[in-house]
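# Structural features, examined
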Amino acid sequence: MNPSLNRLVSIIGVPLDLGANHRGVDIGPSAVRYAQLEEHLQALGYSIEDKGDILPNKPNCSYLDESNLKYLDEITRVNTELCAIVAEEISRNRFPLVLGGDHSIAIGTISGVLQHKQRLGVLWFDAHGDINTAETSPSGNIHGMPVAVRFGLGHERLLGIGGRRVTLNPQKFVMIGVRDLDPGEKKLLKKLGITVYTMHEIDLFGMAAIMEKAIRQVSDGTDGVHVSFDMDAMDPLHAPGVGTPVLGGLTYRESHLAMELLAAANIVTSAEFVEINTVLDHRNQTAKVAVALIRSLLGERTL
Ligand SMILES: NC(=[NH2+])NCCC[C@H](N)C(=O)O
Ligand SMILES: [Mn+2]
Ligand SMILES: [Mn+2]
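The following paragraphs examine the structure supplied in this document. (Residues numbered from 1 in each chain as written. Chains lettered and ligands numbered in written order. Predicted model: local features only at pLDDT ≥ 70, side-chain atom pairs only at ≥ 80, totals over all residues. Heavy atoms only, no water.)

## Observations concerning helix H7 (residues 183-192)
- Taken together, the buried positions of H7 are occupied by Gly184, Glu185, Leu188 and Leu189. Looking down the long axis of H7, one finds its buried residues gathered within 130° of arc, a one-sided arrangement. Those residues of H7 that are exposed and angled more than 90 degrees off the buried face are Pro183, Lys187, Lys190 and Lys191.
- Those residues of H7 that are buried are in contact with strand E5 (173-178) and strand E6 (195-198).
- At the exit of H7 stands Gly193, carrying a positive phi of roughly 70°. (Buried < 20%, exposed > 50% of the residue type's maximum accessible area, 1.4 Å probe, protein only. Helix = DSSP H or I, 4+ residues; strand = E, 2+ residues; numbered from the N terminus. Arc of directions from axis to C-beta. Contact = heavy atoms within 4.5 Å.)

What follows is the structure, encoded as structure tokens:
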């Protein structure tokens, strides 16, 4: 598989923070636009269409939901809309670039991509596994559940997004940068046989070697590759504006190298950058880093 680089990019903002149950990531899409995403991509020769934001309805100001699937209704609604827009942009032959928002939006993004590419490879950059279900989640926050949903595990409403039960192939799903897993997540990752490159493997073998293996795994025998990048995959030193920071993450250069190698491999057909929490950020640093990573992913080189 080697689709020629798609020069038509559609930006889709999803200012959803209900999945994190934490204010601040709802400003993520604005922060990334403010960091001049569009201008930078235009300079790289891309033709950009900004589709605007999918606006969630905020619950009453108390923002209190004590269930083990917090804000299920609204998260389902936003993801259903996101799924349709992503599918529509792909049918228009455009590359969907989704800006979060919390990571629950991966449910909608990936189900939209799956409408067109049934044999999809996914690279999931994250400090976390995001493979909880309501039964295993310590928080009830749906941003910790999208991976489980995409493997067909979770609440009926979430599984129904996209109209049909399309699920991912665990053999074509790779996690990178993981360093914080809940007990139920560890069990499920092992049961499904998912390839997880934790920080331990990245320290041991280096990002270049890990990416070489990861790229081969997700691109062989697939008809597209989706990149889901949670900014907390990076070390909080480089990306401080995230709601669930974990020490010991990817350095600035490791993250860039991963994006550069993906650009060189020319395999990525859609992407999302999520969990940018502007309230917790310093001078928009994390949004700027996200823009820098997107530029590398889309082929910018130093020389
Ligand atoms: N997308 C994220 N930042 N997820 C963090 C999840 C944290 C924890 N594992 C939970 O389920 O609540
Ligand atoms: Mn995370
Ligand atoms: Mn995540």
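## A word on the packing of aromatic side chains
- Counting across every chain of the model gives 4 aromatic pairs.
- The interplanar angle of 25° and the centroid separation of 5.0 Å between the aromatic rings of Phe125 and Phe229 together place this pair among those described as stacked. You can see Phe125 sitting in strand E4 (residues 121-125) and its partner Phe229 sitting in strand E7 (residues 225-230), a full 104 residues away along the chain. Grouping residues by exposure puts Phe125 and Phe229 together as buried.
- Ring-pair connections join several aromatic residues into one group, and the members of that group are Trp124, Phe151 and Phe173.
- Against the face of Phe205 rests Lys213, its NZ or CZ located 5.8 Å from the ring centre. (Phe/Tyr/Trp six-rings, centres within 6.5 Å; stacked < 30°, edge-to-face > 60°. Lys NZ or Arg CZ within 6 Å of the ring centre and 35° of its normal.)

## Some remarks on the coordination of the manganese ion (ligand 3)
- The coordination sphere of the manganese ion (ligand 3), as far as protein atoms go, consists of His103 (ND1), Asp126 (OD), Asp130 (OD) and Asp230 (OD), spread over 2.0 to 2.2 Å.
- If you list the donors of the manganese ion (ligand 3) from N- to C-terminus, the spacing comes out as H-x22-D-x3-D-x99-D.
- Between the manganese ion (ligand 3) and the manganese ion (ligand 2), a separation of 3.2 Å is found, and both are coordinated by Asp126. Within this pair, whereas Asp130 is found in the loop between E4 and helix H5 (146-150), its partner Asp230 is found in strand E7, the two being separated by 100 residues in sequence. Considered together, Asp130 and Asp230 belong to a single accessibility category, that of buried residues. (Donors = N, O, S within 2.8 Å, 3.2 Å for Na, K, Ca; no water.)

## Side note on unusual backbone geometry
- Geometrically, the link from Gly100 to Gly101 is a cis peptide bond, its omega value of 10° lying close to zero.
- Locating Gly101 in the fold gives a position in the loop between strand E3 (95-100) and helix H4 (106-114).
- Look at Gln36: it is not a glycine, yet its phi comes out positive at around 65°.
- Mapped onto the fold, Gln36 is located in the loop between helix H1 (28-34) and helix H2 (37-43).

## Structural notes on the packing of helix H10 (residues 252-265) against helix H11 (residues 285-297)
- Two elements in contact, H10 and H11, have axes whose closest approach is 7 Å; the angle formed by their N-to-C orientations is 30°. Accordingly, the angle class assigned to the pair H10 and H11 is roughly parallel. Residues Tyr252, Ser255, His256, Met259, Glu260, Leu262 and Ala263 of H10 form the contact with H11, whose own contacting residues are Val289, Ala292, Leu293, Ser296 and Leu297.
- Classifying every residue of the contact of H10 with H11 gives 8 nonpolar, 3 polar and 1 charged. (Axes fitted to C-alpha atoms, helices over the stretch in contact; angles between N-to-C directions. Parallel < 35°, antiparallel > 145°, perpendicular 65-115°, else oblique. Nonpolar A, V, L, I, M, F, W, Y, C, P; charged D, E, K, R; others polar.)

## Quick word on the sheet that holds strand E8 (residues 268-274)
- Spatial ordering of the open sheet is given by E2-E1-E3-E8-E7-E4-E5-E6, a layout of 8 strands whose pairing is parallel. Whereas interior strands pair on both sides, the edge strands pair on one side only; in this sheet they are strand E2 (47-53) and E6. On average, adjacent strands in this sheet sit at an angle of 15° to one another, irrespective of strand direction.
- In terms of strand pairing, strand E1 (residues 8-14) meets E3 through 6 bridges, oriented parallel. Directly across from Val14, in E3, lies its bridge partner Gly100.
- Against the sheet, helix H3 (residues 72-91) engages E1, E2 and E3, with an angle of about 175° to E1.
- Taken strand by strand, H10 contacts E4, E7 and E8, and its axis lies near 165° from that of E4. (Pairing = 2+ DSSP bridges.)

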